[in-house]
Amino acid sequence: MLETSARLLRLLALLQTRPVWTGADLAEHLQVSPRTVRYDVGKLRGLGYPVHAAPGVTGGYRLGAGAKLPPLLLDDEEAVAVAIGLRTAGTVEGIEETSLRALAKLEQVLPDRLRRRVRALHAATVSLAPGGPAVPAETLTAIAAACRDRHRLRFGYRTHDGAGRERDVEPYRLVHTGRRWYLIGWDVDRDDWRTFRVDRIALRTPGGPRFALREEPPASIVPQGVDTALMRYRARVTVHAPASAVAPHLPESVLVETVDERTCVVHAGGETPLRLALHILALDADFAVDDPPELLEVLRSLSARAGVTSPGSGEQHSQQGGTS
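Every residue gets a number counted from 1 within its own chain, in the order that chain's sequence is written. Selection of residues for local features in this predicted model requires a pLDDT of at least 70, selection of side-chain atom pairs for listing and counting requires 80 or more, and totals for whole chains, interfaces and linings are taken over all residues. Side-chain calculation: all heavy atoms of the structure are included, whereas hydrogens and water are not.

Undergrad: Could you give me a rundown of the overall build of the chain, with the residues and numbers involved?
TA: Strands are runs of DSSP state E lasting at least two residues, helices are runs of H or I lasting at least four, and both sets are numbered from the N terminus onward. A count of helices and strands for the chain gives 11 helices and 13 strands. In the chain, buried positions account for 36% of the 324 residues. Contacts in the chain between residues far apart in sequence, at least 24 positions, make up 58% of those at least 6 positions apart. For the chain, the exposed surface amounts to about 19,400 Å²; the carbon and sulfur share of it is 53%. When accessible area is computed with a 1.4 Å probe and restricted to protein chains, residues below 20% of their type maximum are described as buried, those above 50% as exposed, and intermediate ones as partly exposed. A contact between two residues is defined here by any heavy atoms of the two lying within 4.5 Å. Here the accessible surface of atoms and residues is derived via Shrake-Rupley with a 1.4 Å probe, and residues count as covered only by protein chains that are part of the display.

Undergrad: Would you mind going over a nonpolar patch on the surface in detail, with residue names and values included?
TA: To count toward a patch, a residue needs a relative accessible area above 30% and no salt bridge. Like charges then connect within 9 Å, nonpolar side chains (Val, Leu, Ile, Met, Phe, Trp, Tyr) within 5 Å. Take a side-chain nitrogen of Lys or Arg and a carboxyl oxygen of Asp or Glu: if they are within 4 Å of each other, that pair is a salt bridge. The grouping of Leu72, Leu74 and Val82 at the surface amounts to a nonpolar patch, some 250 Å² of accessible area in total. Considering the arrangement of structural elements, one finds Leu74 in the loop between strand 2 (61-63) and helix 4 (76-87).

Undergrad: How would you summarise the environment of Leu86 if you had to cite specific residues and measurements?
TA: Secondary-structure assignment places Leu86 in helix 4. For the pair Leu86 and Leu106, spaced 20 residues apart in sequence, the C-alpha to C-alpha distance is 9.9 Å. Ignoring any residue separated from it by four or fewer positions in sequence, one finds Leu86 in contact with Ser99, Ala102 and Leu103.

Undergrad: How would you explain the pairing of strand 10 (residues 233-239) if you had to name every residue and give the values?
TA: At least two DSSP bridges between two strands are needed for those strands to be called paired. Note that strand 10 and strand 12 (residues 263-270) share 7 bridges and pair antiparallel. Each bridged residue has a counterpart across the sheet, and for Val237 the counterpart in strand 12 is Val266. The sheet contact formed by strand 10 and strand 13 (residues 287-291) spans 4 bridges and is antiparallel. In the sheet register, Thr238 faces strand 13, and the bridge partner there is Ala288.

Undergrad: Outline the sheet that holds strand 12, listing residues and values.
TA: Pairing within the open sheet is antiparallel, and its 4 strands lie in the order 11-12-10-13. Sheet topology places strand 11 (255-260) and strand 13 at the edges, where each strand pairs with a single neighbour. With direction set aside, neighbouring strand axes in the sheet form an average angle of 25°. Helix 10 (residues 273-281) contacts strand 10, strand 12 and strand 13 of the sheet and is inclined by roughly 145° relative to strand 12. Axis geometry follows a simple rule: fit a line to the C-alpha atoms, using only the stretch in contact for helices, then measure angles between N-to-C directions, giving values from 0 to 180 degrees.

Undergrad: Any details on the environment of Gly23? Residues and values, ideally.
TA: Note that Gly23 resides in helix 2 (residues 23-30). The spatial distance from the C-alpha of Gly23 to the C-alpha of Arg38 is 7.9 Å, given a sequence separation of 15 residues.

Undergrad: Account for the packing of aromatic side chains, with residues named and values stated.
TA: Aromatic rings from Phe, Tyr and Trp, with only the six-membered ring used for Trp, were paired whenever their centres fell within 6.5 Å, and each pair was classed as stacked if the ring planes differed by under 30 degrees, edge-to-face if by over 60, and tilted otherwise. A full pass over the atoms with the stated rule returns 5 aromatic pairs. Here Phe155 and Tyr157 contribute two aromatic rings whose centre-to-centre distance is 6.3 Å and whose plane-to-plane angle is 70°, an arrangement assigned as edge-to-face. The exposure class assigned to Phe155 is buried, which follows from its relative accessible area of 0%. Judged by its relative accessible area of 6%, Tyr157 is buried. Ring plane angle 90° and centroid distance 5.5 Å describe the contact between Trp186 and Trp193, whose orientation is recorded as edge-to-face.

Undergrad: Could you give an account of the sheet that holds strand 8 (residues 192-197), naming the residues involved and the relevant values?
TA: Taken together, 5 strands build an open sheet; the order of strands is 8-7-6-5-9 and the sheet is antiparallel. Both outer strands of the open sheet, strand 8 and strand 9 (201-203), are each paired with one neighbouring strand and no more. Averaged over neighbouring strand pairs, the angle between their axes works out to 50° when direction is ignored. Each of strand 5 (153-158), strand 6 (164-176), strand 7 (181-187) and strand 9 is contacted by helix 7 (residues 137-149), which is oriented at about 80° to strand 6, the strand it contacts most.

Undergrad: Could you give an account of the pattern of salt bridges, naming the residues involved and the relevant values?
TA: Within the structure shown, the criterion is met by 15 salt bridges. Here Arg113 and Asp76 are joined by a salt bridge, their closest N and O atoms 2.9 Å apart. One end of the pair, Arg113, is in helix 6 (residues 112-124); the other, Asp76, is in helix 4, and 37 residues separate them in sequence. Judged by relative accessible area, which is 30%, Asp76 ranks as partly exposed. Glu166 is the partner of Arg204 in a salt bridge, and the nearest nitrogen-oxygen pair spans 2.7 Å. Here the residue Arg204 occupies a position in the loop between strand 9 and helix 8 (226-230), and Glu166 occupies one in strand 6, the gap between them amounting to 38 residues.

Here's what the structure looks like:
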């Protein structure tokens, strides 16, 4: 039989793995009597852990939320995951110092074998500057709570051209692409699913009423294609190559749609026509620009510039790929 202190830690770990435990199940796992389980639960309550008990045959013990955060017991993989997450929390504004403090506390108590894993990953990883704007932590937590509790959100939204608009949205899910945070939700005024960049959202207080959960949004809007849908310029390019050959050469945010075995359509987004052109020029195949006209003009300009600067020739060289 385990000593009392070790048994309490084991009991606490078990309570964190399920929403509810019966006294009989706990007694069986701990190899003690139900009376000892009741005694140990009382000890945990005395230490500040809010263990709730429900009477009856279907009742049991549940670890609830308390007035303060008690210590948590993490297994090896959970501890490594938390450490990695704290090191890479770079797109949430205002938690940088807090993340470092929490990471220092965690690494201080990590076993050597886990500390070596975390440090090896950190040493072998190069952190680039964040590709998108940081988002205030309080904005993310407020949106996440509204998604969980099914409360409408009222917010001001800054569009591509800088104009501000009021939105009334039933929030569904937050999506993080690695560069930006997005909110997927049902736009009440437009009666359709919409995607919003969280860094452009200014939440209003109070929020809206509760809402009934709708069917899930179409898979095409989350997460693939999210960046494309919200960029200032959006391109539609027909590529004369199979989607399986085209997709590996493009970022995950670019949507590649299969037409047939030899043709696909690429939907790309960019803040400028030049960025759109860079995506398209990465394709090693003939293509035709369906939209927008600005992309076509940039491609023509790049083609002419490449011809003029080509060494050893006074003629202009046309780039691979057709335009229409």
